[in-house]
Structures are given as structure tokens and as C-alpha cells.
Amino acid sequence: AQSVTQPDIHITVSEGASLELRCNYSYGATPYLFWYVQSPGQGLQLLLKYFSGDTLVQGIKGFEAEFKRSQSSFNLRKPSVHWSDAAEYFCAVGPKSGSARQLTFGSGTQLTVLP
Amino acid sequence: SQTIHQWPATLVQPVGSPLSLECTVEGTSNPNLYWYRQAAGRGLQLLFYSVGIGQISSEVPQNLSASRPQDRQFILSSKKLLLSDSGFYLCAHGDGTTDTQYFGPGTRLTVL
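Residues numbered from 1 in each chain as written. Chains lettered and ligands numbered in written order. Predicted model: local features only at pLDDT ≥ 70, side-chain atom pairs only at ≥ 80, totals over all residues. Heavy atoms only, no water.

Draft legend 1. Region of the structure containing the overall build of chain B. Per the secondary structure count, chain B includes 0 helices and 11 strands. Element order for chain B, N to C, with α for helix and β for strand: β-β-β-β-β-β-β-β-β-β-β. Whereas a compact globule of 112 residues would reach a radius of gyration of roughly 13 Å, chain B reaches 13 Å, a difference of no more than 12%. Expressed as a percentage of the 112 residues in chain B, the buried residues total 50%. (Helix = DSSP H or I, 4+ residues; strand = E, 2+ residues; numbered from the N terminus. Rg over C-alpha atoms; globule rule 2.2 N^0.38 Å. Buried < 20%, exposed > 50% of the residue type's maximum accessible area, 1.4 Å probe, protein only.)

See the structure below:
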């Protein structure tokens, strides 16, 4: 069965510091990969996605993620964190085939940004 | 551009009462539609998805059901709510050939 692991439940960084959020997945084949962000009480916003091609993908708000097939990882990075980045971040995977994309989500990483 | 609406935004219901949550999408035709539940402090769990009118697939057997009476309308229902149905319910629509999912604002359900 497919699964997504986000090993860091909570991360605290200072504003201006770099950030890396980890995501590892277990899947039968290389899936589609996504990162979403959720502010308290709100829906999820898509940050970036990987389908194929260049393994380094750029997203919104200055985020990027790198797909590493050998490590089954899709870590999210940002070179300089802003206070507005404080939120919960979810990694998700979905099948490339089929008529629908049933996503499997990780349990999330809560990011706190210190002034 | 596409917009996804959910209502109500917040709902408090007694145990044993019925439930109806609505999701509608604007700006697209024949989208894939999805219902997820997010329990407190946890990730999202896919409940149902639909690839067309009247076509519903259930991912998790439970107290809930879903219907798609119109192309851009997706409804989540229950005949009798349980305490364990409390949570944040999110609707999403798939976009494009890759069916990338975009989420609505969610409904916070509290069952007392």
C-alpha cells in the first residue's frame, strides 16, 4: 500500500533562515508528487508539483522541491523563510494512471517562524 | 479561472442528526471531484471521488455517503452523525490532464 512519511511533525526556524521539509513515500511506481500548504482554518493551497522531467521543480512563494528517485524523497526547500510562511505543509502522492488521482497525504509538518 | 465553493463554512450538529455538505465548482466542465476529511492534528483522508454525474467511488467504508446530482455539484451526506464524524471536510476538483487537485475553503463540522 502507498504511504507518505513526513518525519518532522514540527519545525521552528528564524525568519531569514533556510528551510527544508522532508517527505518520503512508498509507492508501486513513480507517482505524481505534490506539496500543499494550509493556514489555520483554511483549505489547502498548491505550492508545487512534479510529474516528470527536471527533478528540481519551482513553485509559488519562492519554494522549490527536488525529486530523488533513489531515495523515494521529495523534499521542499526555501532559501530564506518569511514570517508569512508559518503554516502546515503537506506532501502528497497520486497515481499517474487511471481516471482519477486518489491522493495519499502525509501527516503534515507544522512550521513556526521566529522573528 | 476555476473557483470552488463549500458551504456551510461551519456546522455544529448533535449526534444522530443528518448531514448535508455541498461543494460546487465554477469555470470548468466535467471535473473530477473529491471529498477529504481532516481530523484534528492529522493529514487528509480521501473519502469519496467522482469522475462524472452519478459516478461515486468510496475509499473508506463509513457513516457517510456522497452524491453528484449535477456536473459541478458534489454533496456529502449522512443519515445519522456520529461523534467521530467531527472534522474539517475539504472538497477538491481536478484540473487538466494530470488532474491536479485544487481545494475549497472547507467546512468545519463539530458533532456534539
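Draft legend 2. Examining unusual backbone geometry more closely. Residues and elements named next belong to chain B. For the peptide bond that leads from Trp7 to Pro8, omega is 0°, which places it in the cis range. Looking at the secondary structure, you find Pro8 in the loop between strand 1 (3–7) and strand 2 (10–13). We note that Asn30 has phi near 50°; this positive angle belongs to a residue other than glycine. Tracing the backbone shows Asn30 in the loop between strand 3 (19–26) and strand 4 (33–38).

Draft legend 3. Molecular detail of the interface of chain A and chain B. The interface is formed by 20 residues belonging to chain A together with 22 residues belonging to chain B. There are 0 salt bridges connecting chain A and chain B. Taken together, the elements giving at least two residues each to the side of chain A that touches chain B come down to strand 5 (32–38) and strand 6 (44–50) of chain A. (Contact = heavy atoms within 4.5 Å. Salt bridge = Lys/Arg side-chain N within 4 Å of Asp/Glu carboxyl O.)

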